[in-house]
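Report on the structure
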Amino acid sequence: VHYGIGSTDAYLNKFEMREFLEVRGMEYLILYELTYYASSSLTKFAIAVTILHICVEKRYVYIMYGLMGVMIATNGICLIWLFVNCVPFATYWNPKLGHCKSEDGFMNLSYIGTAVQVASDWTCAITPFFIVYSLQMPKRVKISVVAILGLVASVAALMRIVSYKYIDVRVYPKDHFREYLVSSILITS
């Protein structure tokens, strides 16, 4: 907030250090994205390992190992691409320092990474249903438990996908990451 995230360009124009605020704000936004994906991936790995301990049937074991494999591959590809797209890395937040091979890259990575996050959320939420299914409780309660697990698991990630279009620099050259939507992306994440 101190560096302008969630502020409009009109608000930032009041300050003499506008360029510094924009560069610093974008730097924190990029570093946030890296931290978010790393921490959410570790969390999903922990959930998948826990499910592996609970579900001993082979098909669930294969699903969880497959999920972890897809997450490793996606995160690895995104991370490598992120570090080789802009040279030097700081060009993401300060375009005067170098050049980026693809202008669409950061947005594409965001969509791909979030789509995998949503898929892993739903997989981790639905798989325990098969444990709940064998418990002795009313069918209506079982359905409610699974619905709540699935809903809670992916609402924030789905909100991120919907909000990404508003931080696209090509579509919104002004207020491209300052708009209040960026703040909502950060809060829901």
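Look a little higher up for the structure.
Throughout what follows, the structure given in this document is the object of discussion. Given the structure is predicted, the values throughout are model-derived calculations rather than measurements.

With 15 residues, the main nonpolar core has M26, I30, L82, F89, Y92, W93 and F106 as its most contacted residues. When residues of this core are traced back to their parent elements, those giving at least two are α2 (18–54), α3 (58–85) and α4 (105–126). Every residue in contact with F89, bar those within four places of it in the chain, is listed here: I30, L34, L82 and F83.

Covalent bonding between the sulfur atoms of two cysteines defines a disulfide. With the rule as written, the count across this model stands at one disulfide. Through a disulfide, C86 is tied to C100; the S-S separation comes to 1.8 Å. Handedness of the C86-C100 disulfide follows from its S-S torsion of about 105°: it is right-handed. Here C100 lies in strand β2 (residues 99–100) and C86 lies in strand β1 (residues 86–87), a separation of 14 residues in the sequence.

Glancing now at unusual backbone geometry. Between V87 and P88 the backbone carries a cis peptide bond, its omega angle lying at -10°. Positionally, P88 belongs in the loop between β1 and β2.

Evaluated as defined, the whole model comprises four aromatic pairs. Seen in terms of ring centroids, F89 and W93 are 5.5 Å apart; in terms of plane orientation they differ by 85°. Their pairing is edge-to-face. Like F89, the residue W93 is buried in the burial classification. Site record: aromatic cluster; members linked through ring pairs are F83, F89, Y92 and W93.

The end-to-end C-alpha distance of α3 is 40 Å, a good match for the 40 Å that 28 residues give at a rise of 1.5 Å each. Among all positions of α3, only Y60, V61, M64, L67, M68, M71, T74, C78, L82 and N85 are buried.

Axis separation between α3 and α4 bottoms out at 11 Å; the angle between their running directions is 165°. On the basis of the axis angle, α3 is roughly antiparallel to α4. Here the hand of the crossing between α3 and α4 comes out left-handed. For the pair formed by α3 and α4, the contact residues are I63, M64, L67, V70, M71, T74, C78, W81 and L82 on the first element and G105, F106, L109, I112, V116, S120, T123 and C124 on the second. A per-class count over the contact of α3 with α4 returns 13 nonpolar, four polar and no charged.

What counts and how
Residues numbered from 1 in each chain as written. Predicted model: local features only at pLDDT ≥ 70, side-chain atom pairs only at ≥ 80, totals over all residues. Heavy atoms only, no water. Core = buried A, V, L, I, M, F, W, Y, C linked by side-chain atoms within 4.5 Å. Buried < 20%, exposed > 50% of the residue type's maximum accessible area, 1.4 Å probe, protein only. Helix = DSSP H or I, 4+ residues; strand = E, 2+ residues; numbered from the N terminus. Contact = heavy atoms within 4.5 Å. Disulfide = S-S within 2.5 Å. Phe/Tyr/Trp six-rings, centres within 6.5 Å; stacked < 30°, edge-to-face > 60°. Expected span 1.5 Å × (residues − 1). Axes fitted to C-alpha atoms, helices over the stretch in contact; angles between N-to-C directions. Parallel < 35°, antiparallel > 145°, perpendicular 65-115°, else oblique. Left-handed = near helix turned anticlockwise from the far one by under 90°. Nonpolar A, V, L, I, M, F, W, Y, C, P; charged D, E, K, R; others polar.

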